[in-house]
Each structure stands twice: as structure tokens, then as C-alpha cells.
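Spelled out from the first residue to the last, the chains are:
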Amino acid sequence: MTEPNMMRAALVRAYGGPEAVEIAEVPLPEPGPGQVRIRVAAATVNPVDLLTRAGTLVAAGRMAPRAETGLGWDVAGVVDAIGPGVRVFAPGDPVIGLRDLLDVSLGTYAEYVVLDATAVAPAPQGLPTAAAATLPLNGLTAWQSLDALDLPHGATLLVTGAAGAVGGFAVELAALRGLRVVAVAGAADEELVRELGAEWFVARDAPDLAAAVRAVVPGGVAGALDAAGVGVPALAAVRNAGAFAAVAADAPVGLRGIRSANHWIAADGTALAQLSALAAAGRLTLRVAGALPLDQAAAAHRRLAAGGLRGRLVLTP
């Protein structure tokens, strides 16, 4: 039984494999000015959590080593307490939110989490909590990447990893923005990505990806959202002076006048509220691959690392 003013959370004290994930009792966090405390109902397991646990982000210089490192970015739950100055949310509000700071000792794999109110939005009405938890990180990544590409209505867009979590949202959101999408995914996922809104399909194992894309869009696409870390072959499918956004690996050099950059996610409650409304209206597809209790966080990491999932695993405290 958890002691008063304590809670359970998953954390890492020594970077390594899934066995490095520990379930520990830690002090219940208190919201400060402009913050809310959320009683966690579901937290999503994402690839970045595996990189964090393994110490890959420390080795890459993207976060500092810590004695204790928290895991988990996405959360769906209910506001439990608010800090001074919070006017938008009140205790009892169902919400979703995003933790975008890497160097923290507590993430969303916990019974409670404290977030800035500006990183939180109302939960999508009428949808299961587990599904709602899959929206913040992947949905915002797709949304903000499309903003960065800044393609006009009717432009052509290549999306790699189109059947994945980020790629699937990117296809749907691009179609909603009036873009014409070329989806790259496994052959078995063609029906799925077309249902999501892709106009054209190219198999990811095509011998020459750029040639295959240019065969359906002569001259190349106006932009590419590389959600699968394809890199140079995807860049070669973009026309001169086009745009390229990478979310899964470092962006290649923008040859031929192509505007090429990585997109790094930033919590944005306003945009998240718009995504939540789209999901509630049935305009976005939320996919849950399975749910496990918090104390099986290590098992969830093993399942994600094994591959083959469609949608995200979620943890429930």
C-alpha cells in the first residue's frame, strides 16, 4: 500500500535494457504557479521512452545524465489539483497533456504528474481514456511538422512511415488541410493508409523510392514528412526548392534548394485542444495496441522493441 503523500512511478536509475525500468514509491508532486496536477489514467509508451531508458539520448548529448530519470510523455487523466494562477482548468476536469522536458526525474509513467497548464488540453469527449492518451506526442509531432513544412492547399506531400503513429496522424491531418498525400508503408498497410486519406501509395521496399514517388508525382513532391527515418531517398523524391521535415532521425542536407530541418516537439495546449476536438469529431484515428498496468512498464518496453505493433501501448496505474 502506498504511504500518504507518496505515489508509484516508473523510473530509471541505471541506463540499460527493459530491466532498468523500476517501479518506485516517490513523493507526490505539488503543482506550482501555472501548473496542474493530473491523476493519471493512461500513459503512452513511445519509442523515445526506450531511447531514454537505454541512455541513448544521454550519449547523443540531448539530455544530461541523472541519478533518477522519469519516463513517459503522454498522459490522459483528471485534474487533481491546480497551482496559483490557473484559471482554465479545475479539479475534476478530464484532460490530456504532454511532458516535453527530457531532464526530469518524473514522467507520465506514474500515478500523478504535474504539467504546465499550457501543456494541457480538454480530453476528447466520448473517447476511451487509453485512446486519448495516444494523441498528444504523436499528434502534435505531425501537426507541428506540417506547420513547419507550410505547404499550400493542393500541394503534394510524401509521408514515410505512413502506417505508424506519427505517420498515420500526418496523413489524416494533411488530407484535412487539403494536401495530396503519397504514403510510404508496408504493402500490407496500403488499405489502411488510403483509408486515412492517402491519394497514392508506394511500398517502403520499392527498389528506388524516389523513382517510385516521381512516377506518381512527376517532378517530385512539394514536401516530405519523414516519420520513418528514411532520409536521403525520401529527400530525393522532393522537387527543387521543396521542403523536408524529419521527425525520426537527423534531417539530410537540403540539396537542390530544399528547405530541410528536424522538427523537435514542443508542448502546446492550444494546438492540442484542436487535435482533441478533431478526435472527438471522428476526424482522427486513435489506435491502441494494448494496455498494461504500470508495474508492467518493462514488459511494455519489450513489446514495443519487438516491433509489429499498430498503434501505441498504454500503461494504466
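Shown above is the structure to which this text applies.
Residues numbered from 1 in each chain as written. Predicted model: local features only at pLDDT ≥ 70, side-chain atom pairs only at ≥ 80, totals over all residues. Heavy atoms only, no water.

**Q** I'd love a proper account of the overall build of the protein, names of residues and values included.
**A** Looking only at helices and strands, the protein has ten helices and 16 strands in total. For the protein, the C-alpha radius of gyration of 20 Å lies close to 20 Å, the compact-globule estimate for 317 residues. In terms of overall dimensions, the protein has a C-alpha envelope of 65 × 40 × 35 Å along the principal axes. Per-residue burial over the protein gives 52% buried out of 317 residues. Partitioning the contacts of the protein with sequence separation of at least 6, the portion at a separation of at least 24 is 64%. Put simply, the protein shows about 13,000 Å² of open surface, and 54% of that area lies on carbon and sulfur atoms. Side-chain charges of the protein comprise 23 positive and 28 negative groups, with the mean position of each set lying 5 Å from the other. (Helix = DSSP H or I, 4+ residues; strand = E, 2+ residues; numbered from the N terminus. Rg over C-alpha atoms; globule rule 2.2 N^0.38 Å. Buried < 20%, exposed > 50% of the residue type's maximum accessible area, 1.4 Å probe, protein only. Contact = heavy atoms within 4.5 Å. Areas by Shrake-Rupley, 256 points an atom, 1.4 Å probe, with all protein chains shown as cover. Lys, Arg positive; Asp, Glu negative; His and termini not counted. Charge placed at Lys NZ, Arg CZ, Asp CG, Glu CD.)

**Q** Quick rundown of the sheet that holds strand β10 (residues 180-185)? Include the residues and the values.
**A** If you trace the six strands from one edge of the open sheet to the other, you get β11-β10-β9-β12-β13-β14, paired in parallel fashion. With one partner strand each, in any of the chains shown, β11 (200-203) and β14 (259-262) form the two edges of the open sheet. On average, each strand axis in the sheet is inclined to that of its neighbour by 20°, with strand direction left out of account. In the sheet, strand β9 (residues 156-160) pairs with β10 via five bridges, with the strands oriented parallel. Bridge assignment links Thr156 to a residue of β10, and that residue is Arg180. (Pairing = 2+ DSSP bridges. Axes fitted to C-alpha atoms, helices over the stretch in contact; angles between N-to-C directions.)

**Q** Just give me the short version of the sheet that holds strand β1 (residues 6-12), but keep the residues and values in it.
**A** Here three strands make up an open sheet; going across it, the order is β2-β1-β4 and the pairing antiparallel. Edge positions in the sheet fall to β2 (21-27) and β4 (69-70), since each has one partner strand and no second. Bridge analysis of β1 against β4 gives two bridges, and the strand direction is antiparallel. Along β4, the bridge assignment pairs Val12 with Thr69.

**Q** So, the nonpolar core: which residues are in play, and what are the values?
**A** Counting 52 residues, the largest nonpolar core has Leu135, Leu146, Leu149, Leu157, Val193 and Leu275 as its most contacted members. Excluding residues that lie within four positions of it along the chain, Leu157 makes contacts with Leu146, Leu149, Leu151, Ala174, Leu179, Arg180, Val181, Val182, Val221, Gly223, Ala224 and Leu225. Counting residues in hydrophobic clusters, the runner-up holds 29 residues, among them Val21, Val79, Leu292 and Ala298. (Core = buried A, V, L, I, M, F, W, Y, C linked by side-chain atoms within 4.5 Å.)

Honestly, it's all geometry; don't read function into it.
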